[in-house]
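Chains, contacts and geometry: an overview
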Amino acid sequence: MAGSYRMCVCFTRKFKVTEAGPPPDVNEAFFKYTDGGTHMSAEQLRRFLMEVQGDGGVSIADAEKIVDQVLQKMHHIAKFTRRTLTLDDFHHFLFSADLNPPVGDQVHQDMTKPLSHYFIYTGHNSYLTGNQLSSDCSDVPIIKALKRGVRVIELDIWPNSTKDNVDVLHGRTLTAPVELIRCLKSIKEYAFSSSPYPVIITLEDHLTPDLQVKVAQMINETFGDMLYSPECECLEEFPSPEELKYRIIISTKPPKEYLKAESGKDKGIKSRKDKDSDDDTWGKEPLDLVSDQEDGDVSDTFTSEDSDGESQQPEVSAYKRLIAIHAGKPKGGLKEALKVDPNKVRRLSLSEQALEKASENHGTDVIRFTQKNVLRVYPKGTRFNSSNYKPLIGWTHGAQMVAFNMQGYGRYLWLMNGMFRSNGGCGFVKKPDFLMKGGPHGEVFNPKTKFPVKKSLKVKVYMGDGWHLDFKPTHFDSYSPPDFYTRVGIAGVPGDAIMKKTKIKEDNWTPVWDEEFIFQLTVPELALLRVEVHEYDMSEKDDFAGQTCLPVSELRPGIRAVPLFDRKGEKLNSSRLLMRFEFVQD
């Protein structure tokens, strides 16, 4: 492929996209495992896969299948004439994101522990198509989220304009509603399109008792046997993802609380003065954004679950029976809300600022709470543009449901997508043991502690390719081919967070960097590898050329093809990097 670039009015320059050859490490591996030969047999490939790529269980049949797939893709008919790989074939295999990905696609973690033991892929206002104030409500973003593997869908339910049916919309805003029944039917249809593990629907309820009865009927009729309804009203322990496969779970507050909580809803939106941080720059920790109010824009306002001795309307009991995960906060402030009841489990919701405040003042209480109960964190009310916040504060404190605006985009959402590439992308990631267990004297993990280095990760960025297929010749620069560089680094506990970058490769659609970086990790279990490619622009802001985020604990060692994604998290068709990952125990 050749690209034409205007130099001035008089003439244009033509640049041909030349394919870069294999980097030295690939040449070296090929000649080592072929004993200096020109063709690699399936047995030689198997040895390479076991010794360099760490694929211990690979059989000769697996290796033969890979050889066949590569030959079919590269030569179409060559598979009938030979069963070996040339150096170019071997390089093509290593650079294929389908055949040689950086993380696995199988569920491999223990799925038999209670739900509280897992991070869960969680959406916020899952029905919004865009911003929080004026975008349309629809089932389309719900379907998209479920296809991506999101397991918690949030629906705000309100009476419709004639007060005889139920709509989903972002209350007290200009968002156009969508009927609840449409959302429920779409959830039923797509719930298990990407994962067999349960879908949790969190309801933010603003209904009268008669409409609650109607919702109970709708949910029962839509989901039938798929619906998980616990036998007793309050669970002592949550069931496991394995027990709940292909089930739908409802989480909300028991009915009597809504009417009391209603008056406090959304007060925080008007009173917030803090500006939204720019989600697309990797800035400092958002601790300066803590609100004076503990929890102004709350869905689950502080109310007593047992106060007033209010009698339950019998017809609402059908609605109450739907609720498998009870939400709500006892009176008495945050310290009280974080108390663990040995006889029942529940869900607590905190805004991002309330969590920041809690992590500063009651960090160990938060972690103890999340060992048995579920903590949901949600974006502050002033994120009108559907931006997101740093998820690591929630994860390092054991919060299972770090709720994100999936319709937004930016670096924090890339981290969220990266975390949930773990465990085969099933939407449930087992929390590290240190978040679930206390020490010998009852102490719990403290993310602010400076830990010793546990292991080092060596990352080598060899080269990149595919941009000339995904972008127009003049997308990055009207006058010459792009000048790419790669940023690579770690997101994790504060002591592990760092970013580094390669040199800029000028005028090249297939840049070869061949640079190695070493990252020392104190808490590798919570570390994510961040990778971004940019095109250097001397006069303006650098152009974005792709990103990915990968869980360090899931990285497959060896030379791997790393597919890149756009700003919104959609996979680019061809753009990818060739990288090497190696772990060194300290």
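Residues numbered from 1 in each chain as written. Predicted model: local features only at pLDDT ≥ 70, side-chain atom pairs only at ≥ 80, totals over all residues. Heavy atoms only, no water.

Looking at an unreviewed UniProt entry, one finds the chain named Phosphoinositide phospholipase C and attributed to Populus trichocarpa. Under the Cofactor (unreviewed entry) heading, UniProt states for the chain: "Ca(2+)". Regarding the chain, the UniProt comment filed under Subcellular location (unreviewed entry) reads as follows: "Cell membrane". (UniProt positions renumbered as here; feature names shortened; annotations may be inferred.)

1. Side note on the nonpolar core
L155, I157 and I187 are the most contacted members of the largest nonpolar core, which totals 76 residues. Shared between two domains, this core takes at least three residues from each, and those domains are domain 2 (118-254 + 315-435) and domain 3 (452-585). With sequence-adjacent residues up to four places away left out, I157 is seen in contact with V166, D167, V168, L180, L203, E204, D205, H206, L207, V215 and Y319. (Core = buried A, V, L, I, M, F, W, Y, C linked by side-chain atoms within 4.5 Å. Buried < 20%, exposed > 50% of the residue type's maximum accessible area, 1.4 Å probe, protein only. Domains from an automatic or database assignment. Contact = heavy atoms within 4.5 Å.)

2. As for the pairing of strand β21 (residues 571-585)
Walk down a regular strand and you will see the side chains alternate between the two sheet faces. As paired elements, strand β14 (residues 455-465) and β21 share ten bridges and run antiparallel to each other. Bridge pairing in β21 links G464 to L577. In the sheet, strand β20 (residues 558-565) pairs with β21 via seven bridges, with the strands oriented antiparallel. Among the inter-strand pairings, P563 is bridged to a residue of β21, identified as R576. Turn length for the β20-β21 hairpin, with the two strands adjacent in sequence and antiparallel, is five residues, and the turn residue G569 shows positive phi of about 90 degrees. (Pairing = 2+ DSSP bridges. Helix = DSSP H or I, 4+ residues; strand = E, 2+ residues; numbered from the N terminus.)

3. Description of helix α2 (residues 42-51)
For α2, the set of buried residues is A42, Q44, L45, F48 and L49. Taken end-on, α2 shows its buried residues confined to a sector of 160 degrees, consistent with a single buried face. Where α2 is buried, its residues touch α1 (24-33), α3 (60-75) and α4 (87-94). (Arc of directions from axis to C-beta.)

4. As for the environment of F445
With respect to the helices, strands and loops of the structure, F445 is situated in the loop between α15 (433-436) and β14. C-alpha of F445 to C-alpha of G398: the two residues are 47 residues apart in sequence and 9.7 Å apart in space.

5. Points about the packing of α1 against α4
The axes of two packed helices give the description: the angle between them and the distance between them. Running from N to C, α1 and α4 point in directions that differ by 120 degrees, and their axes come no closer than 10 Å. The angle between the axes of α1 and α4 places the two elements in the oblique class. Judged by the sense of rotation from one axis to the other, the crossing of α1 with α4 is right-handed. For the pair α1 and α4, the contacting residues are V26, N27, A29, F30 and F31 in the first and L87, F90, H91 and L94 in the second. In terms of residue class, the contact of α1 with α4 is made up of seven nonpolar, two polar and no charged. (Axes fitted to C-alpha atoms, helices over the stretch in contact; angles between N-to-C directions. Parallel < 35°, antiparallel > 145°, perpendicular 65-115°, else oblique. Left-handed = near helix turned anticlockwise from the far one by under 90°. Nonpolar A, V, L, I, M, F, W, Y, C, P; charged D, E, K, R; others polar.)

6. Quick notes on the pattern of salt bridges
Under the defined criterion, the tally for this structure stands at 21 salt bridges. The shortest N-O distance in the salt bridge between D139 and R182 comes to 3.4 Å. Residue D139 is located in the loop between β3 (118-123) and α5 (140-148), and its partner R182 is located in helix α6 (residues 180-190); the two are separated by 43 residues in the primary sequence. Classification of D139 as buried rests on a relative accessible area of 7%. One salt bridge connects E532 with R530, and the closest N-O pair in it is separated by 3.0 Å. We note that E532, like R530, is buried. A single salt-bridge network, built from bridges that share partners, covers R411, R487, R530 and E532. (Salt bridge = Lys/Arg side-chain N within 4 Å of Asp/Glu carboxyl O.)

7. Things to note about unusual backbone geometry
Even without being a glycine, D35 presents a positive backbone phi close to 55 degrees. With respect to the element layout, D35 can be found in the loop between α1 and α2. Of note in this structure, K163 is not a glycine but carries a positive phi near 60 degrees. Position of K163 relative to the elements: it lies in the loop between β4 (152-159) and β5 (166-168). Under the relative-accessibility criterion, K163 is labelled exposed at 56%.

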